[in-house]
Amino acid sequence: MRILVTGGAGYIGSHACQRLLKDGHTVVALDNLLRGHQKPMDMLKAAHAKSFNFVHADLGDSKAVLETLDTNELDTVMHFGALAYVGESVEDPLWYYRNNISSGIGLLDACDAAHGGKGIKRFIFSSSCATYGNPPTNMIPVPEHCPQSPTSPYGYTKLHFEHILKDYANKRTIDNNPIALTMLRYFNVAGSDRTGMLGEDHTPETHLIPVAIDAALGKRESMSIFGTDYPTPDGTNIRDYVHVEDLISAHALAMDSTQIGQIEAFNVGIGKGYSVREILDSVKRVSGVDFTVHDAPKRAGDAIALYNNPAKIKSTLGWDAQITDIDEVVASAFNWLKDHPNGYRD
Ligand code: UFG
């Protein structure tokens, strides 16, 4: 297929480009490089000169997106481009809504106008388990039919965009020009690709696993646990950590399975929850370093416990996580960060 990957220079988007190229697709990555990196784009271009292109543009720039879709005859969009920090979204909600919603609508305008008004055929959206907020206890592990009630502006941007996409897909059906829409609600994504080429390089870095690895590597003196009196067995938050390559496999399966005219939502998570303390224990085991950890106040916007019920994605897409051992996930992240102490600047 011929695929536009928004946010293609970011952590998850770059892994998607790599996998889609390996599968023989034509890929154009579009990124404003606010949080993404030029270097993985250059590496992918060097490896796939004929089937890969990078466009430096904002996804809200409908004119640039339209030109990209038309010139490259792209009919499928994987939409990764977004601001994605829960804590940051509480501090600057309008920025999050402007970027994740307003720019997203700009992207949809281009998707609608593409190919002389025929529009694109397939849209796969990076949604989030943050749309569930704090699910009722009888809904953990979380199924797709769990009520969606986010605890952060970030979660709301993802939920609102799901609604916008459904309305757009329904309009395309009414127009007798249907689209295949898949919304993938990610749990916590971690690790890096097996070849060691791509990794996770965020500025600022706020995610638990890379922050803990930075502490193990001595790049920071210590780290903090945000909240130690949550109603969980050890008092810390629980999350489901899915390896980035398994996550991208879900995209590949969704692209092939969701039929034109269908609207589908799937959770993507391994189906097992780990507390913050359990993750820190894993980073200590993998690194062999007993770094300093402080107890700190709760971070605004954090949900208490979120892990997936993978029944639907298993039965419908045949997806299953290949990497389920948390030390393996952590080791995959650790190895890249150890080999690239300055991230993509190395
Ligand atoms: N945490 C700490 N200390 C840190 C960093 C994080 O205790 O230094 C805790 C957080 O409070 C939270 C857990 O570790 O309880 C995980 O936090 P992350 O920042 O790693 O991830 P989030 O769950 O907040 O958010 C991530 C992505 C979102 C995605 C979400 C799905 O950033 O885009 O996972 O749960 F939607």
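A brief structural summary.

Rules of the game
- Residues numbered from 1 in each chain as written.
- Predicted model: local features only at pLDDT ≥ 70, side-chain atom pairs only at ≥ 80, totals over all residues.
- Heavy atoms only, no water.
- Buried < 20%, exposed > 50% of the residue type's maximum accessible area, 1.4 Å probe, protein only.
- Helix = DSSP H or I, 4+ residues; strand = E, 2+ residues; numbered from the N terminus.
- Pairing = 2+ DSSP bridges.
- Right-handed = clockwise from strand over helix to strand, strands pointing away.
- 1 Å grid on protein atoms, 1.4 Å probe; cavity = no way out; pocket = protein on both sides within 12 Å on 5 of 7 lines; lining within 4 Å.
- Points joined across faces, edges and corners; volume = space filled by probe spheres on them.
- Nonpolar A, V, L, I, M, F, W, Y, C, P; charged D, E, K, R; others polar.
- Near = heavy atom within 4 Å.
- Polar contact = N/O pair within 3.5 Å; in protein donor to acceptor, adjacent residues only side chain to side chain.
- Areas by Shrake-Rupley, 256 points an atom, 1.4 Å probe, with all protein chains shown as cover.
- Domains from an automatic or database assignment.
- Phe/Tyr/Trp six-rings, centres within 6.5 Å; stacked < 30°, edge-to-face > 60°.
- Lys NZ or Arg CZ within 6 Å of the ring centre and 35° of its normal.
- Disulfide = S-S within 2.5 Å.
- Expected span 1.5 Å × (residues − 1).
- Contact = heavy atoms within 4.5 Å.

### Focus on the pairing of strand S1 (residues 2-6)
Then step 1. The buried count for S1 comes to four of five residues, which makes it a mostly enclosed element.
Then step 2. As paired elements, S1 and strand S2 (residues 26-31) share five bridges and run parallel to each other. Within S2, the position partnered with Ile3 by the bridge is Val27.
Then step 3. A crossover links S1 with its parallel partner S2, the connecting element being helix H1 (residues 11-22), and its sense is right-handed.
Then step 4. As judged from the four bridges shared by S1 and strand S4 (residues 76-79), these two strands associate in the parallel manner. When the bridges of S4 are listed, Leu4 appears paired with Val77.

### Here's the deal with empty space enclosed by the protein
Then step 1. Using the criterion set out here, one finds two cavities of 30 Å³ or more in the structure.
Then step 2. Here the largest cavity defines a volume of roughly 40 Å³.
Then step 3. Taken together, His79, Gly81, Ala82, Asn100, Phe125, Thr157, Lys158 and Phe161 form the lining of the largest cavity.
Then step 4. Here the lining of the largest cavity gets three residues from one element, more than from any other, and that element is helix H6 (residues 153-174).
Then step 5. Looking at the lining of the largest cavity residue by residue, the class counts come to three nonpolar, four polar and one charged.
Then step 6. Put simply, the second largest cavity is a space of about 30 Å³.
Then step 7. Considered class by class, the residues forming the lining of the second largest cavity number two nonpolar, four polar and three charged.

### Digging into the layout of surface pockets
Then step 1. Empty space within the second largest pocket amounts to approximately 310 Å³.
Then step 2. Along its surface, the second largest pocket is lined by 17 residues, and Gln18, Arg19, Lys22, Asp193 and Glu245 are the ones closest to its centre.
Then step 3. Mapped by element, the contributors of at least two residues to the lining of the second largest pocket are H1, helix H2 (38-47) and helix H8 (244-257).
Then step 4. Here the element with the most residues in the lining of the second largest pocket is H8; it accounts for five residues.
Then step 5. Taken together, the residues that form the lining of the second largest pocket break down as five nonpolar, six polar and six charged.

### Points about the site of the ligand
Then step 1. Among the 21 residues in the neighbourhood of the ligand, the closest are listed as Ser128, Asn188, His207, Asn237 and Asp302.
Then step 2. One nitrogen or oxygen atom from the main chain of Ala84 is found 2.9 Å from an oxygen atom belonging to the ligand.
Then step 3. Side-chain polar atom of Asn237 to an oxygen atom of the ligand: 2.7 Å apart, as the coordinates give it.
Then step 4. Against a free-state accessible area of 680 Å², the protein chains account for coverage of 93% of the ligand.
Then step 5. Those elements that place two or more of their residues in the shell around the ligand are helix H7 (208-216) and strand S8 (222-226).
Then step 6. Sort the elements by how many residues they give to the shell around the ligand and S8 lands first, with four residues.
Then step 7. Grouping the constituent residues of the shell around the ligand by class yields twelve nonpolar, six polar and three charged.
Then step 8. In this structure, the shell around the ligand is formed jointly by two domains, domain 1 (2-190 + 242-268) and domain 2 (208-239 + 272-308 + 322-345), each of which donates at least three residues.

### Topic: the packing of aromatic side chains
Then step 1. This model, assessed by the stated rule, comprises four aromatic pairs.
Then step 2. Measuring from ring centre to ring centre gives 6.5 Å for Tyr96 and Tyr154, while their planes differ by 85°; the resulting arrangement is edge-to-face. With Tyr96 in helix H5 (residues 93-113) and Tyr154 in helix H6, the pair connects residues that are 58 residues apart, well separated along the chain. In this pair, the class of Tyr96 matches that of Tyr154, namely buried.
Then step 3. An aromatic cluster of three or more residues is present, and its members are Trp95, Tyr96 and Tyr154.
Then step 4. Just above the ring of Phe291 sits the side chain of Lys284; from NZ or CZ to the centre is 5.1 Å.

### Let's talk about the state of the cysteines
Then step 1. Counted by the stated rule, this structure contains zero disulfides.
Then step 2. Looking at Cys146, it has no disulfide partner, and the nearest cysteine sulfur is the one in Cys129, 10 Å off.
Then step 3. Overall, the relative accessible area of 3% leaves Cys146 in the buried class.

### A short note on H5
Then step 1. Compared with an ideal rise of 1.5 Å per residue, which puts 21 residues at 30 Å, H5 spans 29 Å between its outermost C-alpha atoms and is within 8% of the ideal.
Then step 2. Taken together, the buried positions of H5 are Tyr96, Asn99, Asn100, Ile101, Ser103, Gly104, Gly106, Leu107, Leu108, Ala110 and Cys111.
Then step 3. If you follow the buried residues of H5, they end up packed against S1, helix H3 (62-71), S4, helix H4 (86-91), strand S5 (122-128) and H6.
Then step 4. Looking one or two residues past H5, His115 carries a phi angle of roughly 55°, positive in sign.

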